[in-house]
Amino acid sequence: MARYTGPVCKLCRRENTKLFLKGDKCMSEKCPMNDPKVKIPGPHGDRRRKLTEYGTQLREKQKTKRYYGVMERQFANYFEMATKVKGLTTGEALLQILERRLDNVVYRLGFANTRREARQMVNHGHITVNGKRVDIPSYQVSPGEVISIREKSRGSEHVKQILEKNAATMIPKWLELNRETLQGKVVALSERSDIDFDINETLIVELYSK
């Protein structure tokens, strides 16, 4: 599947908000988004016109799919899946599906510094689910499944640095992590309150409902 390979800071500037696509680097003073005069990319980026209703909905959708690192077609497929989930609003179901992506879970467990890095780790076969290697970043985890770093990959200096850096990472309540065995477990499905990023899913639902 195609992936965006350009400068990620450009995406934050386009959405006029920090998407934390570079992890801790986004918290530094050098982050371009800390500049109050930062411009939207493009020849007319300095013209911050008032958005129409459609424009507001579109930007919310773009912001969300870029935050999770999902491309357009896959995001639309997730929305279609969300409309069939019972017991949740479509917006809540959509966010739950995005949170259940394996690359997102790897990131949430502190096994990677960013979702992009988590996706790369999955692609390269460094992650196992229930003891079996899974190299599909979009794999939907389920309660009871155990996510871990492959034994052969734990000796990597890069992996050791990641784990050391994220030793104090706060783990969402729907996940559990044994830091000794480096095994994470999905104990429940995520809830709306578990999303720590400003997303207005209602706008996305309105966009796709047109």
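Note that the coordinates shown come from a computational prediction; the quantities given were computed from them, not determined experimentally.

Colleague: Honestly, the environment of Glu99 in this entry has me stumped. Any pointers?
Modeller: Tracing the backbone shows Glu99 in helix H4 (residues 90–99). Accessibility expressed as a relative area gives 0% for Glu99, which makes it buried. In this view, Glu99 contacts Tyr68, Asn104, Val105, Arg108, Arg115, Trp174, Ser190 and Ile195; residues no more than four positions away in its chain are not counted.

Colleague: Would you mind showing me how to read the pattern of salt bridges here?
Modeller: Proximity of charged atoms lets side chains of opposite charge pair with each other. The full count for this structure, using the stated rule, is eleven salt bridges. Close ionic contact of Lys65 with Glu72 constitutes a salt bridge, the shortest N to O distance being 3.8 Å. The partner of Glu99 in a salt bridge is Arg108, with the nearest N and O atoms 2.8 Å apart. Taken as a pair, Glu99 and Arg108 share a single burial class, namely buried. What you see here is one network of salt bridges that share partners, running through Lys61, Lys65 and Glu72.

Colleague: Would you mind showing me how to read the packing of aromatic side chains here?
Modeller: Two aromatic rings, taken as a pair, are described by how far apart their centres are and by the angle between their planes. Applying the stated criterion across every chain, the model contains four aromatic pairs. Seen in terms of ring centroids, Tyr67 and Tyr68 are 5.1 Å apart; in terms of plane orientation they differ by 80 degrees. Their pairing is edge-to-face. Neither residue differs from the other here; Tyr67 and Tyr68 are each classed as buried. With centroids separated by 4.5 Å and ring planes inclined at 20 degrees, the aromatic side chains of Phe79 and Tyr208 adopt a geometry described as stacked. One end of the pair, Phe79, is in helix H3 (residues 72–82); the other, Tyr208, is in helix H8 (residues 201–208), with 129 residues separating them in the sequence. Taking relative accessible area as the criterion, Phe79 reaches 10% and is therefore assigned buried. Above the face of the Tyr67 ring, Arg115 is positioned so that its terminal group lies 4.3 Å from the ring centre.

Colleague: Looking at this structure, how should I read helix H7 (residues 157–165)?
Modeller: Each α-helix turn comprises 3.6 residues. Residues three or four places apart therefore point the same way. Looking only at H7, the buried set comprises Val159, Ile162 and Leu163. An end-on view of H7 places all buried positions within 95 degrees of arc, on one side of the element. What points out from H7, more than 90 degrees from its buried face, is the exposed set Glu157 and Glu164. The secondary structure elements touched by the buried residues of H7 are helix H6 (115–123) and strand S3 (146–149). Between the side-chain oxygen of the N-cap and the backbone nitrogen of His158 there are 3.3 Å, and the N-cap of H7 in question is Ser156.

Colleague: Just to check I follow, could you spell out unusual backbone geometry for this structure?
Modeller: Residues apart from glycine generally show negative phi values, whereas peptide bonds are mostly found in trans. Positioned with a positive phi, Asn130 is a non-glycine residue whose angle comes to about 55 degrees. Positive phi outside glycine occurs at Leu182, with the angle close to 60 degrees. The residue Leu182 is located in the loop between strand S4 (175–178) and strand S5 (183–186) in this model.

Colleague: What exactly am I supposed to notice about the confidence of the model for the protein chain here?
Modeller: Interpretation of the predicted coordinates at a detailed level should be avoided for regions scoring low in pLDDT. With 77% of its residues at a pLDDT of 70 or more, the protein chain has an overall mean of 85. Mean pLDDT per element in the protein chain: helix H1 (residues 8–15) is the minimum at 58, and H4 is the maximum at 98.

Colleague: Would you explain the side chain of Asn166 in this entry?
Modeller: Examined against the element boundaries, Asn166 turns out to sit in the loop between H7 and S4. With sequence-adjacent residues up to four places away left out, Asn166 is seen in contact with Gly110, Ala112, Asn113 and Arg179.

Colleague: Is there a simple way to think about the nonpolar core in this case?
Modeller: A general feature of soluble globular proteins is that nonpolar side chains tend to end up buried together. Membership of the largest hydrophobic core comes to 22 residues, with the highest contact counts inside it found for Leu102, Val105, Val106, Phe111, Ile127 and Ile147. Contributions of two or more residues to this core are made by helix H5 (102–108), H6, strand S1 (127–129), S3 and H7. With sequence-adjacent residues up to four places away left out, Ile127 is seen in contact with Leu102, Val106, Met121, Val122, Lys132, Arg133, Val134, Ile147, Ser148, Ile149 and Arg150. The next biggest cluster of nonpolar side chains, apart from the first, holds 16 residues, and it includes Tyr67, Phe79, Ile199 and Ile204.

About the thresholds
The residue count restarts for each chain, going from 1 along the sequence in the order it is written. Whole-chain, interface and lining totals are the exception, using all residues; otherwise, since this is a predicted model, local features are given only for residues with pLDDT of at least 70 and side-chain atom pairs are given and counted only at 80 or more. The basis for the side-chain values is all heavy atoms of the structure; hydrogens and waters are excluded. Per the convention used, a helix needs a DSSP run of H or I reaching at least four residues, while a strand needs a run of E reaching at least two, with both numbered from the N terminus. When accessible area is computed with a 1.4 Å probe and restricted to protein chains, residues below 20% of their type maximum are described as buried, those above 50% as exposed, and intermediate ones as partly exposed. The contact criterion used is simple: two residues touch if any of their non-hydrogen atoms lie within 4.5 Å. One speaks of a salt bridge when a side-chain nitrogen belonging to Lys or Arg is within 4 Å of a carboxyl oxygen belonging to Asp or Glu. Each pair of aromatic rings taken from Phe, Tyr and Trp, with Trp reduced to its six-membered ring, is defined by centres within 6.5 Å and is described as stacked if the planes are under 30 degrees apart, edge-to-face if over 60, and tilted in the remaining cases. Any Lys NZ or Arg CZ that is within 6 Å of a ring centre and within 35 degrees of that ring's normal is treated as a charge sitting over the ring. To obtain the arc, one takes the directions from the helix axis to the C-beta atoms. As used in this structure description, the phrase polar contact means that two N or O atoms lie within 3.5 Å; if the pair is within protein, one of them must be able to donate a hydrogen and the other to accept it, and residues adjacent in sequence are counted only when both atoms belong to side chains. pLDDT expresses, on a scale from 0 to 100, how confident the predictor is about each individual residue. Remark: nonpolar core denotes a set of buried residues (Ala, Val, Leu, Ile, Met, Phe, Trp, Tyr, Cys) joined through side-chain atoms within 4.5 Å.

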